[in-house]
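Breakdown of the fold
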Amino acid sequence: GGPDDEGAAPDETTTTSVAEGDDAGDEGEAAAFPVEIEHKYGTTTIEAEPTRVVSVGYNDQDDLLALGVIPVGIRDWYGEQPYAVWPWAQDELGDAEPEVLSNAELNFEAIAALDPDLIIGVSSGMTEEDYALLDAIAPTVPQSGDYVDYGMPWQERALMIGRAVGLEAEAQALVDEVEGEFAAAREAHPEFDGATAAVAFVYNDLPGVYGSEDIRSRVMTDLGFVIPEEYDELAGDQFYVSISEEQTDLLDTDVLVWVGDAASLDLAQSLALRDNLTAVAEGREVFVGEPLGGAFSFASPLSLSYFLEQMVPKLAAAVDGDPATEVPAGADVDGADAGAADEADEEAAVELGPDEQAVADAYQTVFDSATTQEEKAAFLPAAAELAPTIEQYGAMAEGMGGIEMVVKAVTIDGATASVTYDVLIGGSAAYTDLEGTAVDEGGTWTVTRDEFCGFMSSARTPCS
């Protein structure tokens, strides 16, 4: 889970569309080159400001987009997101349509076909052979040699990528801003300091836990938690370790965070020895599905603000060790952060009069990704001509856990109504306090084609 402030607008003062080959023409940026980047396999020299960047790291696109650099190619990770970009970074992507590269083995031909002048693969886990092949295509930046693969701190990853594209100062400003949010969370919750934490998962039917160099564990330590040293001893030169069910007691920490999709979280809850854990008896578990788990795993300047907003209350409720304190989304292991949705619903709950409620019902029906074209047609006069868009929107949103609106306020002025609403993606509040309009057509509150298509465009499903 943006990103990130999820729903944050891009910083228009630094946005540069690399996908379109824009020339910034800024002497300060030009002076940043050439730059040398030291890494696991040596040193890469970047002679001039890149204009065609390909991101082959699983989450490096977030750092590039945060800096206003839109890659011409992005390697997919998981989640079936539009153009491999999660909700918290979609504003920064804008209308660009980068090539999506497979999350399987690196496709060197596909990468070369994009004619890159810089390849970013800090979070790719590339081998030395991979690096040699990629570097023959264009200057390539792999992971640092100071950490296990996929174990580079999010701050250093952002700065390394910023340096590579000539925007190190901007990257530092992003890092400083997010670190300030971590500091505020630690100050508000001194109980986090020194408490032990495990970030656990179930894979191939076996429980496992991330070591201290994993990006998720690093986020927990940034909040003040401590990852037991035993996890690193078991993981060796990897960022994680799988354990047997008989070793489930290794997960008995002050806070036990389970991450994964709905199926794996269900498996975690059904582990035979899980109920023996003190963490379970004292209500110290937090279950993290999507999209929050995505924000946790991406751990980027775009995703971390959203993650902290959603996750800190859960951790605070868990670390107190009082079973009576309900952890948001704690016992409801459905992978969709239902508890967060409940919180959003409660916050959004307002007393609407009959007329205002009619507006809210119309708006929510039209923009709920799960409603059919026929259901939308009652409040969307253009529904028939927009049938392909409605179908595409529903399919796209299904892969994200669904999109729905919660109307928070309605103000009626004659035949026009102003609507204030939140957007929930996968059950969690992704965008808040947005503004829209409904109109009265013959006694029925409706949504115009322009209003609908404006939202569809922001959801990467433009109207035909």
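None of these values were measured; they are calculated from a predicted model.

When pLDDT is averaged across the protein chain, the result is 85; 85% of the residues are at 70 or more. Note on residues 1–29: pLDDT under 50 across the span, and 74 contacts to partners over four residues away in sequence or across chains. With pLDDT under 50 throughout, residues 329–349 is counted as low confidence; its partners more than four residues away or in other chains account for 46 contacts.

Moving on: the sheet that holds strand β10 (residues 240–242). Pairing between the strands of a sheet comes from backbone hydrogen bonds, and it takes one of two forms, parallel or antiparallel. The 5 strands are arranged β10-β9-β8-β11-β12 in an open sheet whose pairing can be described as mixed. Strands with a single pairing partner mark the edges of an open sheet, and in this sheet they are β10 and β12 (285–288). In this sheet, neighbouring strand axes are inclined to one another by 25° on average, regardless of whether the strands run parallel or antiparallel. Here 4 bridges tie strand β11 (residues 255–259) to β12, and the two strands are oriented parallel to one another. Within β12, the position partnered with V257 by the bridge is V286. On top of the sheet, helix α8 (residues 215–222) reaches β8 (197–203), β9 (206–210) and β11; it is set at about 160° to β8, its chief contact. Where helix α10 (residues 262–269) meets the sheet, its contacts fall on β8, β11 and β12, and the angle it forms with β11 comes to roughly 140°.

Counted as a void, the largest pocket has a volume near 990 Å³. Lining the largest pocket are 33 residues; nearest its centre among them are W77, Y78, Y210, R216 and F239. Residue assignment for the lining of the largest pocket shows that the elements contributing at least two residues are β8, α8 and α12 (292–298). Looking at the lining of the largest pocket element by element, the count peaks at 3 residues for β8. Here the lining of the largest pocket is built from residues that sort into 17 nonpolar, 11 polar and 5 charged.

Turning our attention to the side chain of K376. Examined against the element boundaries, K376 turns out to sit in helix α16 (residues 373–377). Within the local environment of K376, its side chain forms a polar contact with the backbone oxygen of V366, the two atoms lying 2.9 Å apart. Residues in contact with K376, not counting those within four places in the same chain, are T365, V366, F367, D368, T371 and I390.

Here we take up the environment of Y421. As for its placement among the helices and strands, Y421 is situated in strand β14 (residues 416–425). Taking C-alpha positions, Y421 is 5.5 Å from V406, a pair spaced 15 residues apart along the chain. Look past the residues within four positions of Y421 in its chain and what remains in contact with it is Y363, M405, V406, V407, K408, T432, D433, L434, E435, G436 and F455.

What follows covers the pattern of salt bridges. For side chains bearing opposite charge, pairing can occur when the charged atoms are close. On inspection of all chains with the given rule, the structure shows 10 salt bridges. One salt bridge connects R163 with E168, and the closest N-O pair in it is separated by 3.3 Å. Under the relative-accessibility criterion, E168 is labelled partly exposed at 36%. A salt bridge links D275 to R274; its shortest N-O distance comes to 3.6 Å.

This part covers α8. Summarising burial for α8: 7 of the 8 residues are buried, a large majority. Taken together, the buried positions of α8 are occupied by I215, R216, S217, R218, V219, M220 and D222.

What follows covers the environment of D193. Within the secondary structure, D193 is located in the loop between α7 (168–188) and β8. Once the C-alpha coordinates of D193 and G224 are considered, the two residues, 31 residues apart in sequence, prove to be 4.3 Å apart.

Below, the discussion takes up the sheet that holds strand β4 (residues 73–75). Pairing is parallel across the open sheet formed by 5 strands, whose spatial order is β5-β4-β3-β6-β7. Each of the sheet's edge strands pairs with one partner strand only, and the pair in question is β5 (99–101) and β7 (140–141). With 3 bridges connecting them, β4 and β5 associate as parallel partners. Paired with G73 across the bridge in β5 is E99.

Here we take up the packing of aromatic side chains. Applying the stated criterion across every chain, the model contains 23 aromatic pairs. Above the face of the Y210 ring, R216 is positioned so that its terminal group lies 4.1 Å from the ring centre.

The rules behind each value
Residues numbered from 1 in each chain as written. Predicted model: local features only at pLDDT ≥ 70, side-chain atom pairs only at ≥ 80, totals over all residues. Heavy atoms only, no water. pLDDT = per-residue confidence, 0-100. Contact = heavy atoms within 4.5 Å. Pairing = 2+ DSSP bridges. Helix = DSSP H or I, 4+ residues; strand = E, 2+ residues; numbered from the N terminus. Axes fitted to C-alpha atoms, helices over the stretch in contact; angles between N-to-C directions. 1 Å grid on protein atoms, 1.4 Å probe; cavity = no way out; pocket = protein on both sides within 12 Å on 5 of 7 lines; lining within 4 Å. Points joined across faces, edges and corners; volume = space filled by probe spheres on them. Nonpolar A, V, L, I, M, F, W, Y, C, P; charged D, E, K, R; others polar. Polar contact = N/O pair within 3.5 Å; in protein donor to acceptor, adjacent residues only side chain to side chain. Salt bridge = Lys/Arg side-chain N within 4 Å of Asp/Glu carboxyl O. Buried < 20%, exposed > 50% of the residue type's maximum accessible area, 1.4 Å probe, protein only. Phe/Tyr/Trp six-rings, centres within 6.5 Å; stacked < 30°, edge-to-face > 60°. Lys NZ or Arg CZ within 6 Å of the ring centre and 35° of its normal.

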